[in-house]
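The chain contents come next:
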Amino acid sequence: MRIQVTRTGGLAGRTQRAGLDTADRSDAPHVHALAREAVAGGLRAPSYGVPDGFHYEITVDGRTVYCADPKLTDSQHELVSLVLREGTAQPVQRGLAGGN
Amino acid sequence: MRPVAHYCTIIPPYVLDQLAEQGHEPAQRSLALDLAHRAARLQAIAPTPPAHHLTRTIRDAHHLQQAPGKPVRLEGRPPARDGSVNRAYDGLGATFALYENIYSRNSIDGNWLPLDATIHYGQHYDNAFWDGSQMVFGDGDNVIFTDFTASVDVIGHELTHGVTQYTAALDYHDQPGALNESVSDVFGSLVKQYALGQSAAAADWLIGAGLLAHGVQGVALRSMKAPGTAYDDPRLGKDPQPAHLNDYVDTSDDQGGVHINSGIPNHAFYLLATALGGNAWERAGQIWYDTLTGGRLTHDADFTAFAKATVAAAKARYQDESVANTVTAAWSQVGISTT
Ligand SMILES: [Zn+2]
């Protein structure tokens, strides 16, 4: 399973993106379950969130959902933390339209 | 039969009464809901009106990503051992003081809203935000950011999102969003300047000084004096803020670059405050405050509409024409015409 997380916004307005492939992970079943729950609880379009809140875009095997602080489900929270912490950081081209 | 319950807010109660009497179930449900709402409203109104003074409560989330948490310092209580508690407490106080003493605004909502903050939110959480009713501070990851209670201007910034929410309610995307952000930076910086007694000339005009972790190449999150120069670091990248409309950044990230393009109105405010001289919270701050709270700004105002509103506010407040002319000149220097 390929999981990509993009986090935008925040007080600093900084965009971070990371990707993770579960193929080589010993905890793959856990991450798969987490990813399925996170996607099931996500929105199909970006939400407003709160001023300076983080906005997240989660893509799992090509399907993208959105969520925003402070209203993440537990599995969304765990998944985005895991991917941003342990995934491979991906370049973000700032200032370009269609920033994903 | 049509689902009357869905229209309960627009159908007159007497019609609902009649339908309910005739055994119409959705109407009966709707009436029951109406009664419940009315009871809830009465209950909500019943508690004593807010005390007419500053009322702060700092709570500790203990690294869970859940607000509000357990109270750790109430209004008037002595400092706690935890520096984050006291910095949050003092920052809420400094923000209240600027709005109360300078603009005669009774707290964030103008009606003595108690000021609440949650600290130690989440683990290594790299952010602070206003959740619509209170402040939330993370501890930072200590790689890029430190404790978000470190900067009093950041606290002023967040609480000003509350002021904007209760007043002009600027949309949080694209140009109105960049203005929403800029207004928070302006009053955030003024909170700091007022607390330190600094003139416009002496102020650093930085947002989030002291927030960058040790080793990060930079001085703050943003610079109103020189947008685009706050940091340039291998991990954090380069400060992307423009200082002129010609360099406006079109992006879909960050709600249309609200934290990026805020550099343009930020710089206009800096130019105005330093051109007028003296303390920035006096004439420049008053003009911005009048613009934000005057009731004429629409929620979808763009840079030009906002700029024109500041010129009108300057004319309304100050007989001396040179003040409004200085406002016009400041906007013109960032590429925005008010004529
Ligand atoms: Zn903000």
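Residues numbered from 1 in each chain as written. Chains lettered and ligands numbered in written order. Predicted model: local features only at pLDDT ≥ 70, side-chain atom pairs only at ≥ 80, totals over all residues. Heavy atoms only, no water.

Engineer: Please clarify how the interface of chain B and chain A should be interpreted in this entry.
Structural biologist: Accessible area lost upon the coming together of the parts is a frequently used measure of interface size. With 34 residues of chain B at the interface, the matching set in chain A holds 27 residues. Regarding the contact of chain B and chain A, the summed buried area is about 2300 Å², with carbon and sulfur atoms giving 52% of it. The largest share of the area that chain B buries against chain A comes from Gln65, Tyr172 and Asp253 of chain B, three residues that together contribute 21% of it. Summed over the shared surface of chain B and chain A, the number is 0 salt bridges. One can count 12 residue pairs in polar contact (both at pLDDT 80 or more) joining chain B with chain A. (Contact = heavy atoms within 4.5 Å. Buried area = accessible area lost by both parts, 1.4 Å probe. Salt bridge = Lys/Arg side-chain N within 4 Å of Asp/Glu carboxyl O. Polar contact = N/O pair within 3.5 Å; in protein donor to acceptor, adjacent residues only side chain to side chain.)

Engineer: Quick question: what am I supposed to make of the confidence of the model for chain B here?
Structural biologist: The predicted coordinates ought not to be read in detail in places where the model reports low pLDDT. Residues and elements named next belong to chain B. Here chain B averages 90 in pLDDT, and 86% of its residues register 70 or above. For the stretch residues 1–11, pLDDT sits under 50, and the model shows 13 contacts to residues farther than four places along the chain or on other chains. Confidence metrics for the complex model read pTM 0.87 and ipTM 0.88. (pLDDT = per-residue confidence, 0-100.)

Engineer: Help me out: how do you make sense of the domain arrangement of chain B in this one?
Structural biologist: All names here are of chain B. Here chain B is described as being made up of domain 1 (8–166) and domain 2 (174–333). In this assembly, 27 residues from domain 1 lie in contact with 32 residues from domain 2. Summing both partners gives a buried area of about 2400 Å² for domain 1 against domain 2, and 66% of it is carried by carbon and sulfur. Between Lys192 and Asp153 there is a salt bridge; the shortest N-O distance is 3.8 Å. Elements that contribute at least two residues to the side of domain 1 that touches domain 2 include exactly α3 (83–103) and α4 (152–166). Broken down by element, the residue count for the side of domain 1 that touches domain 2 peaks at 9 residues, all from α4. A breakdown of the residues in the side of domain 1 that touches domain 2 according to their chemical character gives 14 nonpolar, 10 polar and 3 charged. (Domains from an automatic or database assignment. Helix = DSSP H or I, 4+ residues; strand = E, 2+ residues; numbered from the N terminus. Nonpolar A, V, L, I, M, F, W, Y, C, P; charged D, E, K, R; others polar.)

Engineer: Would you take a moment to explain the confidence of the model for chain A for this structure?
Structural biologist: Of all residues in chain A, 92% have pLDDT values of 70 or greater, and the mean over the chain is 89. Here residues 95–100 of chain A is modelled with pLDDT under 50, and outside its nearest four sequence neighbours on either side it reaches 15 contacts, counting other chains as well.

Engineer: Would you take a moment to explain the coordination of the zinc ion for this structure?
Structural biologist: Angles at a metal have ideal values that depend on geometry: 109.5 degrees with four tetrahedral donors, 90 or 180 degrees with six octahedral donors. Coordination sphere of the zinc ion, protein contribution only: Asp52 of chain A (OD), Asp52 of chain A (OD), His157 of chain B (NE2), His161 of chain B (NE2) and Glu181 of chain B (OE), at 2.0 to 2.3 Å. In this pair, Asp52 of chain A sits in the loop between α1 (28–40) and β3 (54–60) while His157 of chain B sits in helix α4, so the two residues belong to two different chains. Judged by its relative accessible area of 0%, Asp52 of chain A falls in the buried class. (Donors = N, O, S within 2.8 Å, 3.2 Å for Na, K, Ca; no water. Buried < 20%, exposed > 50% of the residue type's maximum accessible area, 1.4 Å probe, protein only.)

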